[in-house]
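Coordinate analysis (summary)
So you can see what is in the structure, the chains are spelled out below.
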Amino acid sequence: MLFGVHDTDYFARMRTRRLPQGAQVVGEFALLPHNDGTTRALWSAAGEIAQLFGSETVPTLPMFARYGGRVARVAESCSEGQGAFIDALTEAWGWRGLALRDPTPRPVCEVPLSAVAPALDALLAFGLDSSCQMLDDADARARACQWAWAMRQRIQHYAAARPNDSLADLYAALYPEVLESLYGGALPDTVGFTRTTELLRFNTRTAGLPRFALVDAFVNPATRRACEDAYNASVADSPIYTLDEFGEGALPFDLLIPQVGRGTLLLTERYLVVLTPEPQIVRLPAPVGDVHALSQVVESRWGDGCVLVGKAITLVPMLAHEFVFVFNERGSPYLTRTARFLAQLHASGVAVRVHPILRLQYPTWDALGAARCVNLRLPSHLARAFDEPTLCSDVFASRWRTVVAEQQHLLAQLARVHRPRDLMTLLAEREGDLWRERLADYDACLRVLAETVGARADALRQQAHALHAERRALIAEIQRHPKRFSKLAPRLHALKAEIRRLNAERRQVGRTPDAEALRARVRQLECEAERARLAMIRDAYLTAEGLLQTHARPAAWWFLLIGRAWFEACARGLQARLEPLIATG
């Protein structure tokens, strides 16, 4: 069994120079939340952390709209400004990611540890220290804080002792230590560790390995067109680029050139191009027709240390040709498109052999009941959902599924509520006296408006309608007897003037100071109700989706924070299944 560090992945991509309010800047790095506003396009791969119960679960603007939330209406009336309001409303709870402020993307293996260490410590302080404070029991909190501090010290000492190492070197050193802590001792001899800079090293000695067979299919003229068509079809209707969007001859693979950078490979009959920050161009003496010829060109130009890594859709089938990938229940949103790509290849007659993936289904929150009872200080959204500020861990384990179902029901209920009064009625049922008083105030304002402004406006409208009817009758009489026009014209003009006067008076009825004050209060109450709806949607979504997400993808160090009994119970209840990447039959 191999555990790997994906050190050829980009460290992070921010795609914006504007930081949200409260962003923590440490040197050339920024510690950022993920929201659907300022940091919508943030992608942090190798410097992220989630507090206990936290995850990168972003309550998006479309999600709020789906459940009846009117974000724009509320945001325009916020004193803090629309941008700040949307950032706060849509922020993923308990999650932070590091991003380089330099817009040039950098792979993890080339991020200097000496540069990132202070920012990494700030990230750990956010995740570890804040999680320790969620333990209400003094002894449990002290043990957790001691472990958290030891972890931070371990990283600080490593960085000080190895100033020339990369962030990937640190991760490679920590990986076995964390797993041994979870395992409870030395790991079996069958466990090994690697990194993609080793696993996907590409040169004339490694090009024949099965992991590069898919690359050969893309390079070989006999199968290249079928591979390109299958890839483009698999990423259609998605934000992922089709190959032609990269340029002529693009392949769905990147080449990492040491000290130069990582970039997409473009291969034509005459040129090999690597789209690194400073593009690398090689004129070919002859067309490249297979993976071996490609490795000769790469090695002769840049040496034997380059790494050839698949893009999001092709990385898994590259390695699945030789290994069995392990994914958690929600692992990799790209797998559906990968399966589509492989199915299209198979239909085109291109033989690609891939192992199935191994799916792991954790009993994370169910297994929490096996740990010695630890009183947990719940985050505010969970405290409201469980109706308890603190909860014993075994009670949490027994109730969490019911609470998720309740919050999902609440979201569906909110989606069906459209009228302001119905919303306030729901709020009164759930929130109690405050909203009962506001609902009574709302009804009283509407009643007074109806009895004064409404009644007077209706009377004027009815008078105007009667005059309209008389005017239509006169016009009909004139059409039948044109000679009577001179006699009836004065009355027509008088009716028209009176109708205008009545309409003008009706428009002014509601513009008295008292009426304006009543309407302003109605709008205020409606806006407050909509803001309360947004808060309810946020809490319900973070609870329901957040707990399901963390149940499927817990952070390993959470187990060390609470106790190994939780991890052991989780291991005993683990379920695994093989999932084919290519449908059979």
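Further up the page is the structure itself.
All residue numbers here refer to positions counted from 1 along the written sequence of the relevant chain. Side-chain atom pairs in this predicted model are given and counted only at pLDDT of 80 or more, local residue features only at pLDDT of at least 70, and totals for whole chains, interfaces and linings cover all residues. In computing side-chain values, all of the structure's heavy atoms are included and hydrogens and water are not.

1. Re the overall build of the protein chain
As a reminder, the rule being used: Helix and strand assignments follow DSSP, with helices taken as H or I runs no shorter than four residues and strands as E runs no shorter than two, numbered in order from the N terminus. The globule rule is 2.2 Å times the number of residues to the power 0.38, and the radius of gyration it is compared with is taken over C-alpha atoms. Summary of the burial criterion: residues with accessible area below 20% of their type's maximum are buried, those above 50% are exposed, and those between are partly exposed, where the area comes from a 1.4 Å probe applied to protein chains only. Note on contacts: a residue pair qualifies if any of its non-hydrogen atoms lie within 4.5 Å across the two residues. Per-residue accessibility takes into account occlusion by the displayed protein chains alone, with areas from the Shrake-Rupley method and a 1.4 Å probe. In this charge count, Lys and Arg are treated as positive and Asp and Glu as negative; neither His nor the chain ends contribute. Note that the charge is assigned to NZ on lysines, CZ on arginines, CG on aspartates and CD on glutamates.
Scanning the protein chain from terminus to terminus reveals 21 helices and 18 strands. Taken over C-alpha atoms, the radius of gyration comes to 33 Å for the protein chain, far larger than the 25 Å a tight globule of 585 residues would show. Among the 585 residues that make up the protein chain, the fraction classed as buried is 48%. Looking at the protein chain alone, contacts between residues at least 24 apart form 73% of all its contacts between residues at least 6 apart. Element-wise, carbon and sulfur atoms account for 52% of the exposed surface of the protein chain, whose accessible area totals about 28,200 Å². If the 69 positive side-chain charges of the protein chain are averaged to one point and the 65 negative ones to another, these points end up 10 Å apart.

2. Considerations on the side chain of Gln549
Stated formally: Any pair of N or O atoms that falls within 3.5 Å is considered a polar contact. Within protein, one atom must be able to donate a hydrogen and the other to accept it, and sequence-neighbouring residues count only if both atoms are side-chain atoms.
Looking at the element boundaries, Gln549 is found in helix 19 (residues 513-552). Looking at Gln549, the relative accessible area reads 18%, which means it is buried. In terms of polar contacts, Gln549 uses its side chain to reach the side chain of Arg330, at 2.9 Å. Excluding its chain neighbours within four sequence positions, the residues that come into contact with Gln549 are Ser55, Thr57 and Arg330.

3. So, the pattern of salt bridges
Rules: Counted as salt bridges are all cases of a side-chain nitrogen of Lys or Arg within 4 Å of a carboxyl oxygen of Asp or Glu.
As enumerated under the stated definition, the model contains 34 salt bridges in all. Glu28 is the salt-bridge partner of Arg106, the closest N and O atoms lying 3.8 Å from each other. Of this pair, Arg106 sits in the loop between strand 7 (95-100) and helix 4 (113-132) while Glu28 sits in the loop between strand 3 (24-26) and strand 4 (29-32), and the two are 78 residues apart along the sequence. Since its relative accessible area comes to 33%, Glu28 is described here as partly exposed. With its nearest N and O atoms 3.3 Å apart, the salt bridge here joins Asp229 to Arg225. Of the two residues, Asp229 and Arg225 both sit in helix 9 (residues 221-235), four residues apart, roughly one turn of that helix. Within this structure, Glu329, Arg359, Arg577 and Glu579 form a network of salt bridges that share partners.

4. Description of the sheet that holds strand 14 (residues 326-328)
What counts is decided by this rule: Two strands are said to pair when DSSP picks up at least two bridges between them. Whenever a helix is involved, its axis is fitted only over the stretch in contact; in every case the axis is a line through C-alpha atoms, and angles between N-to-C directions fall within 0 to 180 degrees.
The strand order across the open sheet formed by three strands is 14-15-18, and the pairing between neighbours is mixed. For this open sheet the edge positions go to strand 14 and strand 18 (575-579), each flanked by a neighbour on one side alone. Within this sheet the neighbouring strands show an average axis-to-axis angle of 30°, counted without direction. Pairing of strand 15 (residues 357-361) with strand 18 involves five bridges; the strand directions are antiparallel. Bridge pairing links Leu358 to Leu578 in strand 18.

5. Let's talk about the sheet that holds strand 4
Sheets are built from strands paired through backbone hydrogen bonds, the pairs being either parallel or antiparallel. Spatial strand order, 3-4-7-6: four strands in an open sheet with antiparallel pairing. Whereas interior strands pair on both sides, the edge strands pair on one side only; in this sheet they are strand 3 and strand 6 (48-50). Put simply, the sheet's adjacent strands are angled 20° from each other on average, direction ignored. For strand 3 and strand 4, the ladder comprises three bridges, and the chain directions are antiparallel. In the sheet register, Gln24 faces strand 4, and the bridge partner there is Leu31. Contacting strand 3, strand 4, strand 6 and strand 7, helix 4 crosses the sheet at an angle of about 170° to strand 7.

6. Some remarks on the nonpolar core
The test is simple: We define a nonpolar core as any set of buried Ala, Val, Leu, Ile, Met, Phe, Trp, Tyr and Cys residues linked to one another through side-chain atoms lying within 4.5 Å.
Within the largest apolar cluster, 137 residues are counted, with the highest numbers of intra-cluster contacts made by Phe11, Phe53, Leu272, Leu308, Trp365, Phe396 and Trp566. Listed in part, the 35 residues of the second largest apolar core include Leu414, Cys445, Met536 and Ala540.

7. Some words on unusual backbone geometry
Although it is not a glycine, Gln259 sits at a positive phi angle of roughly 65°. Relative to the helices and strands, Gln259 resides in the loop between strand 9 (250-257) and strand 10 (261-267). The backbone of Asp387 shows a phi angle near 60°, a positive value even though the residue is not glycine. Structurally, Asp387 is set in the loop between helix 14 (380-386) and strand 17 (390-392). Judged by its relative accessible area of 63%, Asp387 is exposed.

8. Side note on the state of the cysteines
So the rule is basically this: For this text, the term disulfide refers to a pair of cysteine sulfurs within 2.5 Å.
Within the structure shown, the criterion is met by one disulfide. At a sulfur-sulfur separation of 1.6 Å, the disulfide partner of Cys373 is Cys392. Placement of Cys373 in the loop between helix 13 (364-367) and strand 16 (375-377) and of Cys392 in strand 17 is noted, with a sequence separation of 19 residues between them. Classification of Cys373 by relative accessible area gives partly exposed; the value is 32%. For Cys392, a relative accessible area of 13% gives the class buried. Lacking any disulfide linkage, Cys145 is separated from the closest cysteine sulfur, that of Cys132, by 3.8 Å. Its relative accessible area of 27% is what places Cys145 among the partly exposed residues. The thiol sulfur of Cys306 is not disulfide-bonded, and the nearest other cysteine sulfur, from Cys109, lies at 11 Å.

9. Digging into the layout of surface pockets
To be explicit about the condition: For each structure, a 1 Å grid was placed over the protein atoms alone; sets of points admitting a 1.4 Å probe that cannot get out are labelled cavities, open sets with protein on both sides within 12 Å along at least five of seven lines are labelled pockets, and lining residues have an atom within 4 Å of a point. Grid points are joined across faces, edges and corners, and a volume is the space filled by probe spheres set on the points. Gly is placed with the polar residues, together with every amino acid not listed as nonpolar (Ala, Val, Leu, Ile, Met, Phe, Trp, Tyr, Cys and Pro) or charged (Asp, Glu, Lys and Arg).
The volume enclosed by the second largest pocket comes to roughly 340 Å³. Together, 14 residues line the second largest pocket, and Arg384, Ala385, Leu410, Arg430 and Glu431 are the ones closest to its centre. The element that contributes the greatest number of residues to the lining of the second largest pocket is helix 19, accounting for five residues. When grouped by side-chain class, the residues that make up the lining of the second largest pocket number five nonpolar, three polar and six charged.

10. Re the pairing of strand 12 (residues 280-283)
Regular strands show a simple pattern: their side chains alternate between the two faces of the sheet. A one-sided burial pattern is seen for strand 12, the buried positions being Gln280 and Val282 and the unburied ones Ile281 and Arg283. Sheet topology places strand 11 (residues 271-274) next to strand 12; four bridges connect them, and they run antiparallel. Bridge pairing in strand 12 places Val273 opposite Ile281. Taking the residues that link successive antiparallel strands as the turn, the strand 11-strand 12 hairpin has five residues.

11. Examining the environment of Tyr334
Mapped onto the elements of the fold, Tyr334 is located in the loop between strand 14 and helix 12 (335-347). In this view, Tyr334 contacts Ile240, Ala312 and Ile313; residues no more than four positions away in its chain are not counted.

12. Here we look at the environment of Pro103
The residue Pro103 is located in the loop between strand 7 and helix 4 in this model. For Pro103, a relative accessible area of 57% gives the class exposed. On a C-alpha basis, the gap between Pro103 and Ala12 in space is 9.7 Å, while along the polypeptide they are 91 residues apart.

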